[in-house]
Amino acid sequence: MRLSEGEERELIRRAKAGDGRARDLLWEAFFAFALAECRKQARLTKLAADIAEGEAALAIPEAIRRFDLRRHVRFSTYLAHRLRGAITAAAREDLRSSIFDMAQHRPAMAEEPAEWSETQPRAAGDFWSPQVIRWARRRRRRNDRMIVKWLWLDRQPKTQAEIARRLGISRSAVCQRRQTLMKSIHRMAPNTLFDEHLGPKSLNAEDDDC
């Protein structure tokens, strides 16, 4: 669906005022464009296409909310600018936290001072054995590797809802794989810690019935 500049700006004005139908029409009009832009940026930044495509779904409503109708610029131009920034940030995060390049077991490392630990939370993977880390790196199913990384190896783990959205699967599928992966890891190393052992409440139990 192609929109004239006048139609585009009117829909944005209505969407900003809370009109759900206008927001849906903007989504339909710009999602294919956002998806193509994300795929192009993914190739340039060497980011996995499915992660980049997840950014397309998140960028449109955020761009609608932030778009300034007082500026004489087309929404597609503004959306493309935001998508380039989002993909660049996602690529940097993926590089920093990749289990293939960054996850290391350091059993001899001294504990950080309390004040540092309070501001930089420990990931569950910091307590895993080298055997478990190697197993996580070598999983043949990409979804399993990403679920392990995002649940337990990142400094700021993602919720199962976020993981489902990024992988394009249901939350129940993420929940099922989580349980299966935990059983496999426990068979290798029964004392392995997971997210629910690191705080009074598991981040990943808030929005799923696992």
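First, a word on scope: everything that follows refers to the structure included in this document. Treat the numbers as computed from the prediction; the structure is a model and nothing was measured.

### Some thoughts on the environment of Lys-158
Next, step 1: With respect to the helices and strands, Lys-158 occurs in the loop between helix H7 (142–153) and helix H8 (160–167).
Next, step 2: It is 9.2 Å that separates the C-alpha atoms of Lys-158 and Ile-147, two residues lying eleven residues apart in sequence.

### Focus on helix H2 (residues 20–45)
Next, step 1: Bending of H2 peaks at approximately 45° at the position of Phe-30.
Next, step 2: Of the positions making up H2, those classed as buried are Ala-22, Leu-25, Leu-26, Ala-29, Phe-30, Ala-34, Leu-35, Glu-37, Cys-38, Gln-41 and Ala-42.
Next, step 3: Structurally, the start of H2 carries an N-cap: the backbone nitrogen of Arg-21 is 3.0 Å from a side-chain oxygen of Asp-19.
Next, step 4: One or two residues past the end of H2 sits Lys-46, with phi positive at roughly 60°.

### Overview of the pattern of salt bridges
Two side chains with opposite charge may pair up if their charged atoms get near one another.
Next, step 1: Taken as a whole and assessed by the stated rule, the structure comprises eleven salt bridges.
Next, step 2: Salt-bridge contacts for Lys-149 lead to Asp-154; the nearest nitrogen and oxygen are separated by 3.8 Å. Take Lys-149 and Asp-154: they sit in the same class, and that class is buried.
Next, step 3: Connected through shared salt-bridge partners, Glu-37, Lys-40 and Arg-84 make up one network.

### Regarding helix H9 (residues 171–188)
Next, step 1: Taking 1.5 Å per residue, 18 residues should reach 26 Å; H9 reaches 26 Å between its end C-alpha atoms and fits that length.
Next, step 2: Of all the residues in H9, the buried ones are Val-174, Cys-175, Arg-177, Arg-178, Leu-181, Met-182, Ser-184 and Ile-185.
Next, step 3: As for H9, its buried residues are in contact with helix H6 (130–137), H7 and H8.

### Here's the deal with the packing of aromatic side chains
The geometry of an aromatic ring pair is captured by two quantities: the separation of the ring centres and the angle between the planes.
Next, step 1: Following the criterion strictly, the structure yields seven aromatic pairs and no others.
Next, step 2: Centroid distance Phe-67 to Phe-75: 5.5 Å. Interplanar angle 80°. Geometry classified as edge-to-face. Residues Phe-67 and Phe-75 agree in their burial class; the two are buried.
Next, step 3: Through a chain of ring-to-ring contacts, three or more aromatic side chains come together here, namely Phe-30, Phe-67, Phe-75 and Tyr-78.

### Concerning the side chain of Gln-41
Next, step 1: Relative to the assigned elements, Gln-41 resides in helix H2.
Next, step 2: Setting aside residues no more than four positions away along its own chain, Gln-41 makes contact with Arg-84 and Ile-87.

The rules we used
Residues numbered from 1 in each chain as written. Predicted model: local features only at pLDDT ≥ 70, side-chain atom pairs only at ≥ 80, totals over all residues. Heavy atoms only, no water. Helix = DSSP H or I, 4+ residues; strand = E, 2+ residues; numbered from the N terminus. Bend = angle between axes of the 7 residues up to and from the residue. Buried < 20%, exposed > 50% of the residue type's maximum accessible area, 1.4 Å probe, protein only. Polar contact = N/O pair within 3.5 Å; in protein donor to acceptor, adjacent residues only side chain to side chain. Salt bridge = Lys/Arg side-chain N within 4 Å of Asp/Glu carboxyl O. Expected span 1.5 Å × (residues − 1). Contact = heavy atoms within 4.5 Å. Phe/Tyr/Trp six-rings, centres within 6.5 Å; stacked < 30°, edge-to-face > 60°.

So, to be careful, I would describe these as geometric facts and stop short of saying anything about function.
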